[in-house]
Protein chains: 2
Amino acid sequence: MVSRPTFEDVCAAHDRIEAVVHRTPVMTCATLDAMSGRQLFFKCEQFQRVGAFKFRGASNVVLGLSADEAAGGVCTHSSGNHAQALACAARERGIPAWIVMPTSAPSVKRAAVERYGAAIIDCEPTLEAREQTAASVIERTGAYFVHPYDDDRIIAGQGTAAKELIEQVCQLDALVSPIGGGGLMSGTCITTRAMCPQAMLVGAEPSGADDAAQSLAAGTLIPQTAPDTICDGLLTSLSERTFAILRDHLEAIVTVSDDEVRAARSLLLERAKLWVEPSSATVLAAMLNDQCPIPRDARVGLILSGGNTRPDV
Amino acid sequence: MVSRPTFEDVCAAHDRIEAVVHRTPVMTCATLDAMSGRQLFFKCEQFQRVGAFKFRGASNVVLGLSADEAAGGVCTHSSGNHAQALACAARERGIPAWIVMPTSAPSVKRAAVERYGAAIIDCEPTLEAREQTAASVIERTGAYFVHPYDDDRIIAGQGTAAKELIEQVCQLDALVSPIGGGGLMSGTCITTRAMCPQAMLVGAEPSGADDAAQSLAAGTLIPQTAPDTICDGLLTSLSERTFAILRDHLEAIVTVSDDEVRAARSLLLERAKLWVEPSSATVLAAMLNDQCPIPRDARVGLILSGGNTRPDV
């Protein structure tokens, strides 16, 4: 059986990272409340450092490494927010970061990682090439590999977002997070079951990358093979670890179409002046979807996961 | 001599409106700090109700009206944020609002005002037509006229933004607000001189509508005749009232070009994930301008005035 983090791990993570992460604000919007028929509390992780919650988990791993483990630096393969998060966390600790990135990654993402002082290692745009390249970097440098979500310390770090949200708002009837690899949702589950045990736990997932909904329905892990969605942060598959946590704690997953995500993203901007990346908007889209099982008038905490997208997207 | 509000008026305004306004968050961004060489604290009034600080002043007037004064409703001529603010404040008190708007106003602005339940009265797009139409509405309905800035209670209401900012951050070395008609800057001056007397007071003004800079340089009020700037919230001229307050308190006005405003707006979005209207971005543009007299490493409070603009603008 795979290990899983506890709420004590989340609290230890929070103690460890509190000095380097932002305690992001929680925002409300009367118009969106009226539209969804519920009281919505948006935890604004787009204002987190590097523009996404991923900095929480990455910092927890990097700051928790022993001097020996940290000596060779850290390494990951990613072209998304985890890459920036690990680069920034490594810079905070003063150790090198090696980010394996497909040559197809947009130049703006490469620039963001370079800005945090990380070294980018090019590879072909396949998962195999990414893993092989990372393995050879690790062999050459002694760097410590940091997975974006299949890691107890990453999950515990991501759980600090829900911890702050519950501290900031109190008395929530439900919590909702987006699901990609399941790290944020897993951390949200563990924290909520400890701090707010009666609250309903709901995931939001794009219908074009609904491996979590399919896996939970089938009772077994079904990897994502050909994701097709504008939610570029939610393309990955659950791991055995995150699947097990979601299976044990989630009440429901609401799947939403890209059109629903676009509409929700526009509403967040026009009504609440909140600029988020498409992945973040899934949680509001879920609130506006008929399939959402959260009762009317419930107090709902929603984690807006990040804001790293360009105005023309 | 024209009257002017005191800090006691600002405090009374805050007591009056506290239950209906948002205490907006103050955000920071390490990258923008590094670029400007100062510690910047952004007071995020784009998250205020109706998306702009204008709701503070409008609420202070509307909630302060006697039952007799309020009986006929309120009226203004505006196509901007003041129109939405007055409409929303009137709805909160349950009285009618009549908004005189040029037929040339964009449909999105008309829709916003209608959403708050106000009646729109069309007029030709000239100042004369606006004033005449408003006068006839007032004669017909008995509505109370609420000027967007040339009013002590409006200025006192706008001063509550700086009051919150100073309470939230403490120990500021300088405060910066955009200057249009001067209501926000005047309220910022009065509050700052009372709460943080040693702080430097600096205005940010688009060079295409620099009547305040010209007026202060000349020592006499020079109205704006042909404003030309993307900062659509800053097209108006100072009044004798706001001119007198700015003349007595402002250390400097930094004028910024539309290109500087565009660059600052992009930086706020890309680096801090803050979506603001062009008028708001003047304050960051001023921080990045060589003419800014605020010393390096100073702790600077900047008021982001609003966020009412469309993604395609």
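Conventions and cut-offs
- Residues numbered from 1 in each chain as written.
- Chains lettered and ligands numbered in written order.
- Predicted model: local features only at pLDDT ≥ 70, side-chain atom pairs only at ≥ 80, totals over all residues.
- Heavy atoms only, no water.
- Buried < 20%, exposed > 50% of the residue type's maximum accessible area, 1.4 Å probe, protein only.
- Helix = DSSP H or I, 4+ residues; strand = E, 2+ residues; numbered from the N terminus.
- Pairing = 2+ DSSP bridges.
- Right-handed = clockwise from strand over helix to strand, strands pointing away.
- Contact = heavy atoms within 4.5 Å.
- Buried area = accessible area lost by both parts, 1.4 Å probe.
- Salt bridge = Lys/Arg side-chain N within 4 Å of Asp/Glu carboxyl O.
- Polar contact = N/O pair within 3.5 Å; in protein donor to acceptor, adjacent residues only side chain to side chain.
- Axes fitted to C-alpha atoms, helices over the stretch in contact; angles between N-to-C directions.
- Parallel < 35°, antiparallel > 145°, perpendicular 65-115°, else oblique.
- Left-handed = near helix turned anticlockwise from the far one by under 90°.
- Nonpolar A, V, L, I, M, F, W, Y, C, P; charged D, E, K, R; others polar.
- Phe/Tyr/Trp six-rings, centres within 6.5 Å; stacked < 30°, edge-to-face > 60°.
- Lys NZ or Arg CZ within 6 Å of the ring centre and 35° of its normal.
- Least-squares fit on C-alpha atoms with pLDDT ≥ 70 in both.
- Domains from an automatic or database assignment.
- Core = buried A, V, L, I, M, F, W, Y, C linked by side-chain atoms within 4.5 Å.

A separate point is the pairing of strand β3 (residues 74-77) of chain B. All names here are of chain B. The alternating pattern of β3 places Val74 and Thr76 on one face and Cys75 and His77 on the opposite face, and all of these are buried. In this structure, β3 lies alongside strand β4 (residues 97-102), joined through four bridges in parallel fashion. By the bridge assignment, Val74 is partnered in β4 with Ala97. Taken together, β3, helix α5 (residues 81-93) and β4 form a β-α-β motif whose crossover is right-handed. For β3 and strand β6 (residues 144-145), the ladder comprises two bridges, and the chain directions are parallel. Each bridged residue has a counterpart across the sheet, and for Val74 the counterpart in β6 is Tyr144.

As for its placement among the helices and strands, Gln158 of chain A is situated in helix α8 (residues 152-169). Setting aside residues no more than four positions away along its own chain, Gln158 of chain A makes contact with Phe53, Lys54, Arg56, Gly57, Pro148, Gly183 and Leu184 of chain A.

A few words now on the interface of chain B and chain A. On the side of chain A, 19 residues touch chain B, which itself brings 19 residues to the contact. Both sides together, the interface formed by chain B and chain A hides about 1600 Å², and carbon and sulfur atoms give 62% of it. In terms of surface lost to chain A, no three residues of chain B exceed Phe47, Lys273 and Trp275 of chain B, which account for 37% of the buried area on that side. Counting the contacts that link chain B with chain A gives zero salt bridges. Across the contact surface, chain B and chain A share two residue pairs in polar contact (both at pLDDT 80 or more). With four residues, the top contributor of residues to the side of chain B that touches chain A is helix α12 (residues 258-272) of chain B.

All names here are of chain B. At a minimum axis separation of 8 Å, helix α3 (residues 54-64) and α5 run at an interaxial angle of 40°. The angle between α3 and α5 places the two elements in the oblique class. With respect to the hand of their crossing, α3 and α5 are arranged in right-handed fashion. On α5, the residues touching Lys54, Phe55, Ala58, Ser59, Val62, Leu63 and Gly64 of α3 are Asn81, His82, Ala85, Leu86, Cys88, Ala89, Ala90, Glu92 and Arg93. Grouping the amino acids of the contact of α3 with α5 by side-chain chemistry returns nine nonpolar, four polar and three charged.

Ordered by their spatial adjacency, four strands build an open sheet running β5-β4-β3-β6 (chain B), and the pairing between neighbours is parallel. Edge positions in the sheet fall to β5 (119-123) and β6 of chain B, since each has one partner strand and no second.

All names here are of chain A. For Lys273, which is not glycine, the phi torsion reads 60° and is therefore positive. Along the chain, Lys273 turns up in the loop between α12 (258-272) and α13 (278-287). The exposure class of Lys273 is buried, given its relative accessible area of 8%.

Counting along an α-helix, one turn takes 3.6 residues, and residues three or four places apart therefore face a common direction. Counting buried positions over the eleven residues of α3 of chain B gives nine, a clear majority of the element. Elements that come into contact with the buried residues of α3 of chain B comprise α1 (7-17), β2 (39-44), β3, α5, β6 and α8 (152-169) of chain B.

A few words now on the packing of aromatic side chains. This model, assessed by the stated rule, comprises two aromatic pairs over all chains. On the basis of an interplanar angle of 5° and a centroid distance of 5.4 Å, the ring pair of Trp275 of chain A and Trp275 of chain B is categorised as stacked. In this pair, Trp275 of chain A is assigned in the loop between α12 and α13 and Trp275 of chain B in the loop between α12 and α13 (278-287), connecting two distinct chains. For the cation-ring pair, Arg140 of chain A lies above Trp98 of chain A, with the distance from its terminal atom to the ring centre recorded as 5.8 Å. A cation sits over an aromatic face here: Arg265 of chain A above Trp275 of chain A, 4.8 Å from the ring centre.

Moving on to the relation of the copies chain B and chain A. Mapping chain B onto chain A calls for a rotation angle of 180° and an axial translation of 0.0 Å; the resulting RMSD is 0.0 Å. Between the two chains, the operation in question is that of a two-fold axis. Of the C-alpha atoms belonging to chain B, the one lying closest to the rotation axis is found on Trp275 of chain B, 3.1 Å away. When the interface residues of chain B are mapped onto chain A, 100% of them again lie at the interface, so the same face is used by both copies.

Now for the sheet that holds strand β9 (residues 252-256) of chain B. All names here are of chain B. Taken in spatial order, the six strands make up an open sheet running β1-β2-β10-β7-β8-β9, and their pairing is mixed. Both edges of this open sheet fall to β1 (26-27) and β9, since each of them pairs with a single strand only. Two strands pair when backbone bridges link them, and strand β8 (residues 200-206) and β9 are joined in this way by five bridges, in the parallel orientation. Looking across to β9, one finds that Val202 is bridged to Ala252. Those strands touched by α13 are β2, β7 (174-178), β8, β9 and β10 (299-304), and its axis lies near 160° from that of β10.

All names here are of chain B. Residue placement: Ser279 occurs in helix α13. A polar atom in the side chain of Ser279 sits 3.0 Å from the backbone nitrogen of Gly233. Residues contacting Ser279, with those up to four places away along its chain left out, are Pro178, Cys231, Asp232, Gly233, Leu234 and Ser305.

Residues and elements named next belong to chain A. Here chain A is described as being made up of domain 1 (7-53 + 152-304) and domain 2 (55-145). The C-alpha centroid of domain 2 is placed 25 Å from the C-alpha centroid of domain 1. Listed by partner, the interface residues are 24 residues for domain 1 and 19 residues for domain 2. Where domain 1 abuts domain 2, roughly 1700 Å² becomes buried across the two surfaces, and 54% of that area is made up of carbon and sulfur atoms. One can count four salt bridges joining domain 1 with domain 2. The salt bridge partner of Glu92 is Arg49, with a shortest N-O separation of 2.6 Å.

For the rest of this paragraph, the subject is the nonpolar core. Judged by nonpolar contacts, the single largest core of 68 residues is most densely connected at Met287 of chain A together with Met287 of chain B. Residues contacting Met287 of chain A, with those up to four places away along its chain left out, are Ser36, Arg38, Leu40, Val176, Cys292, Ile294, Val300 and Leu302 of chain A.

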